[in-house]
Amino acid sequence: MERIKVKIINRSGHQLPAYETPSSAGMDVRACLEKPVTLQPLERALIPTGLRVQLPQGHEMQIRPRSGLALKHGISLVNSPGTVDADYRGEIGILVINLSNEPFVINDGERICQMVITNYTHVEWDPVEEIDSTVRGDGGFGHTGVK
């Protein structure tokens, strides 16, 4: 597995994002709040983290929901996965939504999402009139049926 150094400013007062197990792909990120935030059902909010990063060129940070919060409390992210680009230098904010029927309280220091840092490629488009055919063709959205 590749390891890279990423510069980070942490003004949250909490520990840095961390992998919970040796094989984890995502690091848990904590809320940085002056006071708890209560999300009503179907309400969304931008939750600050107190973190700023300088990603190496060719890398992005993906912000993803935590499966435990989604399963137990219906808490997810509005733009999942969110993307933090390598040239962004502002504070990382998390767009959280409550998809449950009950209010949910987010407290300072609570683990609210995961971040995954990965590399990417840029595309150079090659305009053509035809593309290669496949067995699947243009079948999509359930074209293989229920098995």
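Every value quoted in this text rests on a predicted model; they were computed, and no experiment measured them.

J.: Would you mind going over the overall build of the protein with me for this structure?
T.: Secondary structure assignment for the protein yields one helix and eleven strands. Along the protein, helices and strands appear, N-terminal first, in the series β-β-β-β-β-β-α-β-β-β-β-β. In terms of overall dimensions, the protein is more spread out than a globule: its C-alpha atoms have a radius of gyration of 19 Å, far above the 15 Å expected for 147 residues. Dimensions of the protein along its principal axes, counting C-alpha atoms only, are 55 × 40 × 30 Å. Out of the 147 residues belonging to the protein, those deemed buried represent 30%. Excluding contacts between residues fewer than 6 apart, the proportion of contacts in the protein whose partners are at least 24 apart in sequence is 71%. Carbon and sulfur atoms form 51% of the exposed surface of the protein, whose accessible area is close to 10600 Å².

J.: Can you help me understand the environment of V78 in this one?
T.: By the element assignment, V78 lies in the loop between β7 (75-77) and β8 (82-84). When the C-alpha atoms of V78 and R64 are compared, they prove to be 9.8 Å apart, with 14 residues separating the residues in sequence. Ignoring anything within four residues of it in the chain, the contact list for V78 reads R44, L95, V96 and I97.

J.: Explain the sheet that holds strand β9 (residues 93-98) to me, please; I cannot follow it from the model alone.
T.: Sheets are built from strands that pair by backbone hydrogen bonding, the pairs being arranged parallel or antiparallel. If you trace the three strands from one edge of the open sheet to the other, you get β4-β9-β7, paired in antiparallel fashion. With one partner strand each, in any of the chains shown, β4 (44-48) and β7 form the two edges of the open sheet. Neighbour-to-neighbour, the strand axes of the sheet open up by a mean angle of 40°, direction not taken into account. Here three bridges tie β7 to β9, and the two strands are oriented antiparallel to one another. Bridge pairing in β9 links L77 to V96.

J.: Can you help me understand the sheet that holds strand β11 (residues 111-119) in this one?
T.: The four strands are arranged β2-β11-β6-β8 in an open sheet whose pairing can be described as antiparallel. Two strands in the sheet have a free side with no partner beyond their single neighbour: β2 (27-30) and β8. Going across the sheet, the axis of each strand differs from the next one's by a mean of 35°, ignoring polarity. Judged from the three bridges that link them, strand β6 (residues 59-64) and β8 form a sheet pairing that is antiparallel.

J.: Would you mind showing me how to read the nonpolar core here?
T.: Buried together is how nonpolar side chains tend to be arranged in soluble globular proteins. Counting 24 residues, the largest nonpolar core has M61, I63, I94, V96 and I106 as its most contacted members. Among the elements of the structure, β2, β5 (51-54), β6, β7, β9, β10 (104-106) and β11 are those that each provide at least two residues to this core. Per-element accounting of this core gives the leading share, three residues, to β11. If we skip the residues at most four places from it in the chain, I63 touches L77, P81, G82, V84, I92, I94, C113, Q114 and M115.

J.: What is the right way to read a nonpolar patch on the surface from this model?
T.: Taken together, the side chains of L46, V78 and L95 present a nonpolar region at the surface, about 260 Å² in accessible area. Tracing the sequence through the fold places L46 in strand β4.

J.: Before we go on, may I ask you to explain the side chain of T49 in this structure?
T.: Here T49 is to be found in the loop between β4 and β5. The class of T49 is buried, set by a relative accessible area of 1%. Side-chain polar atoms of T49 contact the backbone nitrogen of L51, separated by 3.2 Å.

Calculation criteria
Residues numbered from 1 in each chain as written. Predicted model: local features only at pLDDT ≥ 70, side-chain atom pairs only at ≥ 80, totals over all residues. Heavy atoms only, no water. Helix = DSSP H or I, 4+ residues; strand = E, 2+ residues; numbered from the N terminus. Rg over C-alpha atoms; globule rule 2.2 N^0.38 Å. Buried < 20%, exposed > 50% of the residue type's maximum accessible area, 1.4 Å probe, protein only. Contact = heavy atoms within 4.5 Å. Areas by Shrake-Rupley, 256 points an atom, 1.4 Å probe, with all protein chains shown as cover. Pairing = 2+ DSSP bridges. Axes fitted to C-alpha atoms, helices over the stretch in contact; angles between N-to-C directions. Core = buried A, V, L, I, M, F, W, Y, C linked by side-chain atoms within 4.5 Å. Patch = residues over 30% accessible without salt bridge, like charges linked within 9 Å, V, L, I, M, F, W, Y side chains within 5 Å. Salt bridge = Lys/Arg side-chain N within 4 Å of Asp/Glu carboxyl O. Polar contact = N/O pair within 3.5 Å; in protein donor to acceptor, adjacent residues only side chain to side chain.

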